[in-house]
Amino acid sequence: MKNVDDLIESAAELAARGLSKGEIADELNVSRETASWLVERSGATAEPPNTSAQSGAASPGSSPQDIHVDWSAIGRDSKRMGAIAEAMADMLAKHGEGVDLTIGIEKAGGPIATLVARALETDLGTYTPAKHQWEEGDIEELGGTFSRNFAGIRDRECYIVDDTITSGTTMRETIEAIRAEGGEPLACVVLADKQGLDELDGVPVYSLLQVISVGKEDN
């Protein structure tokens, strides 16, 4: 994807396939506000624009401020994914001894976590965040879920793996959900972090890339 028009077209295609705006945000590695704007701009919905989102620099008031991260060159190749997972596993390995569980945040974090878990020789769990159900309204009324097809969490220390951090909301939700289940997250790792976070709720956050938007201040 090279420009905003490509993202708008992709958002329209995903909406036509029945994905929620939360799932579209996940697929395109953008915030929920950006996903809403892209879908609305595409004409795939008749709902009014989200006026509460931050405006973009290119056209004030027209779009949220966000950064799209396209890591498909890694994701489409299992050898590259394996190499990246080894690097992510190396960043996690400094935290804790005998940690035997890695949690992947669905959707994109699941495949990455599988390879990280293999590198660290841990069990694997997955968490589906609330945003996958989010369409409109208050996301706080929704809840995420751990898959019963994978390892349990109670009384276990674990690592958390995802592809990107946009606002930190999904990662924070996952940390809280793990603790609510009786687990203890020791560290998080992502491919790219748009916020430049060092920690969330007392849990260290590592990233292979920190993507920082530098804007020109108004005089």
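The coordinates are above.
In this text, all values refer to a predicted model and were calculated from it rather than measured experimentally.

J.: I'm lost on the overall build of the protein in this one. Help?
T.: For the protein, the helix and strand inventory stands at seven helices and seven strands. When the helices and strands of the protein are listed from N to C terminus, the series reads α-α-α-α-α-β-α-β-β-β-α-β-β-β. The buried share among the 219 residues of the protein stands at 45%. Put simply, 63% of the contacts in the protein that link residues at least 6 apart link residues at least 24 apart. Surface accessibility of the protein: about 11,700 Å² in total, with carbon and sulfur atoms responsible for 45%.

J.: Please clarify how the sheet that holds strand β1 (residues 101-105) should be interpreted in this entry.
T.: Note on sheets: strands pair through backbone hydrogen bonds, and any given pair is parallel or antiparallel. Sheet architecture is open: seven strands sit in the order β3-β2-β1-β4-β5-β7-β6, paired in mixed fashion. The sheet is open, and its two edges are formed by β3 (145-146) and β6 (199-200), each paired on a single side. In this structure, β6 lies alongside strand β7 (residues 203-210), joined through two bridges in antiparallel fashion. Across the sheet, the residue bridging to E199 is P204, located in β7. Contacts from helix α6 (residues 109-120) reach β1, β2 (123-128), β4 (157-165) and β5 (184-193) within the one sheet, and its direction differs from that of β1 by about 165°.

J.: What exactly am I supposed to notice about the nonpolar core here?
T.: The tendency in soluble globular proteins is for nonpolar side chains to be buried as a group. Ranked by size, the top nonpolar core spans 22 residues in total, and within it W71, M88, L92, I112, V116 and V161 carry the most contacts. Broken down by secondary-structure element, the contributors of at least two residues to this core are α5 (78-92), α6, β4 and β5. Sequence-distant contacts of I112, that is, excluding residues within four places in its chain, are made with W71, M81, A85, M88, V161, D162, D163 and L191. The next biggest cluster of nonpolar side chains, apart from the first, holds 18 residues, and it includes L101, Y127, I175 and V205.

J.: Is there a simple way to think about the side chain of T166 in this case?
T.: Relative to the elements of secondary structure, T166 occurs in the loop between β4 and α7 (169-180). On the basis of relative accessibility, which here comes to 16%, the residue T166 falls in the buried class. Residues within four places of T166 in sequence aside, it is in contact with N29, V30, S31, D66, K194 and Q195.

J.: In this structure, what is going on with the pairing of β5? I would like to understand it.
T.: Consecutive side chains along a regular strand alternate between the two faces of the sheet. Across the ten residues that make up β5, a large majority, nine, are buried. Taken together, the eight bridges between β4 and β5 define a ladder with parallel strand orientation. The partner of D162 across the bridge, within β5, is V190. What joins β4 to β5 is α7, and the crossover it makes is right-handed. Direction of pairing for β5 relative to β7: parallel, over a ladder of five bridges.

J.: Is there a simple way to think about unusual backbone geometry in this case?
T.: Apart from glycine, the bulk of residues carry a negative phi angle, and the bulk of peptide bonds sit in the trans form. A cis geometry characterises the amide bond from E106 onward to K107, with omega recorded as 5°. Residue position: K107 is located in the loop between β1 and α6. The phi torsion at D155 lies on the positive side, around 65°, for a residue other than glycine. By the element assignment, D155 lies in the loop between β3 and β4. One non-glycine residue with positive phi stands out, namely D201, at about 50°. Positionally, D201 belongs in the loop between β6 and β7.

Reading guide: rules and limits
Residues numbered from 1 in each chain as written. Predicted model: local features only at pLDDT ≥ 70, side-chain atom pairs only at ≥ 80, totals over all residues. Heavy atoms only, no water. Helix = DSSP H or I, 4+ residues; strand = E, 2+ residues; numbered from the N terminus. Buried < 20%, exposed > 50% of the residue type's maximum accessible area, 1.4 Å probe, protein only. Contact = heavy atoms within 4.5 Å. Areas by Shrake-Rupley, 256 points an atom, 1.4 Å probe, with all protein chains shown as cover. Pairing = 2+ DSSP bridges. Axes fitted to C-alpha atoms, helices over the stretch in contact; angles between N-to-C directions. Core = buried A, V, L, I, M, F, W, Y, C linked by side-chain atoms within 4.5 Å. Right-handed = clockwise from strand over helix to strand, strands pointing away.

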